[in-house]
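# Breakdown of the fold
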Amino acid sequence: MTDAVVPDGHEDDDPRAGAQPTAAERMRERRRAAFAKAERVLERPGFRRTVRERLAVLDAASEVYDLDRYSDIYGDGIVEDLEQRVAALLGTEAAAFFPTGTMAQQVALRCWAGRTGDPTVALHALAHPEVHERHAFSQVSGLRPVRVTGEPRLPTAAEIRDFPEPFGTLMLELPLRDAGFVLPTWEELTEVVAAARERDAVVHFDGARLWECTLHFGRPLTEIAGLADSVYVSFYKSLDGFGGAALAGPRTLVEEAKTWRHRYGGTVYQQFPTVLSALVGLERELPRLPEYVRHARVVAAALRESLTAAGVPWVRVHPEEPHTNEFRVWLPYDADDLMEAAVSQAEETGTFLFTDPWDRGGPGLSFTEVSVRAEGLDWTADDVRAAVADFTRRLPGA
């Protein structure tokens, strides 16, 4: 929630003027302050840094791009250079830069609907467009989403073959974030894609975090992306850029997508700061992602073992062996109690073990997301166990 901003001299017009902050607002401020002061975290993503810290990312810009070249205007220059870099990384004919993933995927699926003659998009009930985009597919792009499954896993080949109505495009989110950043096996993924093709449907990958998937699949990005007809990737989720996304696929599709990008208002006048941050991310973060994934498995195992050893009555780390560098932890406590324990630990010790909010997953049951990045590589399994021991002492009934 964003606090209301009231111009000077108009405080009386604000119905909240003089009101005391709510408990949620106070906790949010405590959490933000604790994170800023914390000496030990498992990740420190860019969106939680100050403007000064974010601008420092561009200090490395000269290492990844010739800064004496002219800047971009409406998508040329450095934007085109990034597009070519992404197409080469994914092994596609072309790629188009978009300001947001929401726009990129709407455009991709709209283009596929025109080509297949079918506006129906089959996807998971937990897919990002269904959960986080306010029905943009249907409200803005005239697409018709249908849910193949709501199970906390990717759809199976049998579910695709047996789905009772036709669809023109199958959209697969890799990894499926709201199920715990889960992935299918390589064999399962290839079978699902084959099942969609049997139905004459095209396949689009929502690959916002596709960069993180190579270790799990044991395949390079080109081979993973090569399964799909088109792929979307994000520059800020895994690569810590300022924002932005790319749509990659056949050249004819990408050229059509650029036309729709303009119509959707996505051809921004200048985007070189965001593009530079993406290039820095590709240079710095992309090569390290497999290392983050491997260490996330160390952290996840230590969390599960130490939470159980601490006497917590029920613990779930999901997946048990993370598929990417991100996973979920479930505990049988109220979300507010878990948030208080996490923040108070950070305030008093400088160690912020669970930095993400805790969400209610049922009566007396809550979950949080854990991500391991560069800052987490210094944590040994013993460090995790010590942090868990201190955290659990702060829980109700400890």
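Now for a look at the structure at hand. (Residues numbered from 1 in each chain as written. Predicted model: local features only at pLDDT ≥ 70, side-chain atom pairs only at ≥ 80, totals over all residues. Heavy atoms only, no water.)

### Observations concerning the packing of helix H4 (residues 78-90) against helix H13 (residues 272-284)
Put simply, H4 and H13 touch, their axes get as near as 10 Å, and they point 30 degrees apart. On the basis of the axis angle, H4 is roughly parallel to H13. Both H4 and H13 take part in a crossing whose hand is left-handed. Together, Ile78, Val79, Leu82, Arg85 and Leu89 of H4 and Phe272, Val275, Leu276, Ala278, Leu279, Leu282 and Glu283 of H13 make up the contact between the two elements. (Axes fitted to C-alpha atoms, helices over the stretch in contact; angles between N-to-C directions. Helix = DSSP H or I, 4+ residues; strand = E, 2+ residues; numbered from the N terminus. Parallel < 35°, antiparallel > 145°, perpendicular 65-115°, else oblique. Left-handed = near helix turned anticlockwise from the far one by under 90°. Contact = heavy atoms within 4.5 Å.)

### Looking at the packing of aromatic side chains
When we look at a pair of aromatic rings, we describe it by the centre distance and by the angle of the planes. Within the structure shown, the criterion is met by 9 aromatic pairs. Between phenylalanine 163 and phenylalanine 167, the aromatic rings sit 6.1 Å apart at their centres with planes inclined by 65 degrees, giving edge-to-face as the arrangement. In this pair, the class of phenylalanine 163 matches that of phenylalanine 167, namely buried. A ring pair is formed by tryptophan 330 and phenylalanine 367, whose centres lie 4.7 Å apart and whose planes are at 35 degrees; its orientation type is tilted. A residue pair is termed long-range when its members are at least 10 positions apart, and tryptophan 330 in strand E10 (residues 326-331) and phenylalanine 367 in strand E13 (residues 365-371) qualify at 37 residues. (Phe/Tyr/Trp six-rings, centres within 6.5 Å; stacked < 30°, edge-to-face > 60°. Buried < 20%, exposed > 50% of the residue type's maximum accessible area, 1.4 Å probe, protein only.)

### A closer look at the sheet that holds strand E6 (residues 202-207)
On the basis of which strands lie adjacent, the open sheet formed by 7 strands has the order E2-E8-E7-E6-E5-E3-E4 and mixed pairing. Each edge of the open sheet carries a strand with a single partner, namely strand E2 (94-98) and strand E4 (144-147). Averaged over all adjacent pairs, the angle separating strand axes in this sheet is 20 degrees, with direction ignored. Across the sheet, H4 touches E2, strand E7 (230-234) and strand E8 (245-249), and the angle it forms with E2 is around 130 degrees. Of the strands in this sheet, E2, E7 and E8 touch helix H12 (residues 251-263), which is tilted by about 20 degrees from E2. (Pairing = 2+ DSSP bridges.)

### Thoughts on the pattern of salt bridges
As enumerated under the stated definition, the model contains 31 salt bridges in all. A salt bridge links glutamate 369 to arginine 328, with the nearest nitrogen and oxygen atoms 3.9 Å apart. One end of the pair, glutamate 369, is in strand E13; the other, arginine 328, is in strand E10, and 41 residues separate them in sequence. Across the pair, arginine 328 and glutamate 369 agree in class, each one buried. A salt bridge links aspartate 390 to arginine 394, with the shortest nitrogen-to-oxygen separation between them at 3.0 Å. One network of salt bridges, in which partners are shared, links Glu83, Glu255, Lys258 and Arg261. (Salt bridge = Lys/Arg side-chain N within 4 Å of Asp/Glu carboxyl O.)

### Observations concerning the environment of phenylalanine 272
On the secondary structure map, phenylalanine 272 appears in helix H13. What phenylalanine 272 contacts, discounting residues up to four positions off in sequence, is Ser71, Asp72 and Ile78.

### What to know about the environment of arginine 316
Among the secondary structure elements, arginine 316 is positioned in strand E9 (residues 316-318). C-alpha separation for the pair arginine 316 and arginine 328, spaced 12 residues apart in sequence, amounts to 8.1 Å. In this view, arginine 316 contacts Arg328, Val329 and Trp330; residues no more than four positions away in its chain are not counted. Within the structure, the side chain of arginine 316 is placed 3.2 Å from the side chain of histidine 318, a separation counted as a polar contact. (Polar contact = N/O pair within 3.5 Å; in protein donor to acceptor, adjacent residues only side chain to side chain.)

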